[in-house]
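Now for the letters of each chain:
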Amino acid sequence: MDAAAVDAALDGLGDRAVVLQWAQRFSVLADPSRLTLLVCIHYAREISVSDLAVAAGMTDTAVSQALRLLRAHGLVTGHRSGRVVRYRLADATAHELIHQVRPHPGRT
């Protein structure tokens, strides 16, 4: 057994609850519809449910259901402006992940 390698692996692993939390977040991100919504929100910066539905090619109801789950996992946040709720990314790590999935247009 390579004790140094095991120690390094355990140090890198850290708190297993954090690993579990990220595994749950990745399961949320693994759904193509939810990932599409996150990418759309990222590039719009702030967007309403109806506008997001048009951009993602989904129904308002499907978008609302997906946003509930994304909010529950701390990935998006919404704020009300009159009768309209606008959503934006709430997680810096998700922001960085989106850059890996879909870099800004025109950049390599």
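Structural data are supplied above this passage.
The residue numbers shown here count from 1 along each chain, following its written sequence. Restriction of local features to residues with pLDDT of at least 70 applies here, the model being predicted, together with a cutoff of 80 or more for giving and counting side-chain atom pairs; totals for whole chains, interfaces and linings are based on all residues. Side-chain metrics rest on all non-hydrogen atoms present in the structure, leaving aside hydrogens and water.

## A short note on the pairing of strand E3 (residues 84-89)
As paired elements, strand E1 (residues 47-48) and E3 share two bridges and run antiparallel to each other. Its bridge partner being in E3, Ile47 is matched across the sheet by Tyr87. Between any two strands, pairing holds if DSSP finds at least two bridges. For the purposes of this entry, the term helix denotes a DSSP run of H or I that reaches at least four residues, the term strand denotes a run of E that reaches at least two, and both are numbered from the N terminus. In this structure, strand E2 (residues 76-81) lies alongside E3, joined through six bridges in antiparallel fashion. Among the inter-strand pairings, Gly78 is bridged to a residue of E3, identified as Tyr87. The loop that links E2 with its antiparallel partner E3 comprises two residues; one of these, Gly82, has a positive phi angle of about 70°.

## Some words on the side chain of Arg34
Mapped onto the fold, Arg34 is located in helix H3 (residues 32-44). Lacking a salt bridge, the buried Arg34 has Asp31 as its closest oppositely charged neighbour, with an N-O distance of 4.1 Å. In protein, a polar contact means a hydrogen-donor-capable atom and an acceptor-capable atom, both N or O and within 3.5 Å, with residues adjacent in sequence counting only if both atoms are side-chain atoms; elsewhere, any N or O pair within 3.5 Å suffices. Looking at Arg34, its side chain comes within polar contact range of the main-chain oxygen of Val28, at 2.9 Å. Ignoring sequence-local partners within four residues, the contact set of Arg34 consists of Ser27, Val28, Ala66, Leu69 and Leu70. Relative accessibility under 20% of the residue-type maximum defines a buried residue, over 50% an exposed one, and the middle range a partly exposed one, all with a 1.4 Å probe and only protein chains included. Residues counted as positive are Lys and Arg, residues counted as negative are Asp and Glu, and His and the chain ends are not counted. Salt bridges are defined as contacts in which a side-chain nitrogen from Lys or Arg sits within 4 Å of a carboxyl oxygen from Asp or Glu. Any two residues whose heavy atoms approach within 4.5 Å at even a single point are treated as in contact.

## Points about the packing of aromatic side chains
Here a pair means two rings of Phe, Tyr or Trp (six-membered ring of Trp) with centres within 6.5 Å. Their orientation is stacked below 30 degrees between planes, edge-to-face above 60, and tilted elsewhere. Counted by the stated rule, this structure contains one aromatic pair. Here Trp22 and Phe26 contribute two aromatic rings whose centre-to-centre distance is 5.6 Å and whose plane-to-plane angle is 45°, an arrangement assigned as tilted. Within this pair, Trp22 and its partner Phe26 are both found in helix H2 (residues 16-29), separated by four residues, close to a single helical turn. Under the relative-accessibility criterion, Phe26 is labelled partly exposed at 44%.

## Some details on unusual backbone geometry
Here the phi dihedral of Arg45 falls at roughly 70°; this positive angle occurs in a residue that is not glycine. Secondary-structure assignment places Arg45 in the loop between H3 and E1. Classification of Arg45 as exposed rests on a relative accessible area of 69%.

## Focus: the pattern of salt bridges
What the rule picks out here adds up to two salt bridges. We note a salt bridge from Asp91 to Arg25, for which the minimum N-O separation is 2.9 Å. Of this pair, Asp91 sits in the loop between E3 and helix H6 (92-101) while Arg25 sits in helix H2, and the two are 66 residues apart along the sequence. We note that Asp91, like Arg25, is buried. Glu46 is the partner of Arg88 in a salt bridge, and the nearest nitrogen-oxygen pair spans 2.5 Å. Of this pair, Arg88 sits in strand E3 while Glu46 is found in the loop between H3 and E1, placing the two residues 42 residues apart along the sequence. Residue classification places Arg88 among the partly exposed positions, given a relative accessible area of 32%. Residue Glu46 is classed as partly exposed on the basis of its relative accessible area, which comes to 33%.

Keep in mind that these numbers describe shape and distance, not what the molecule does.
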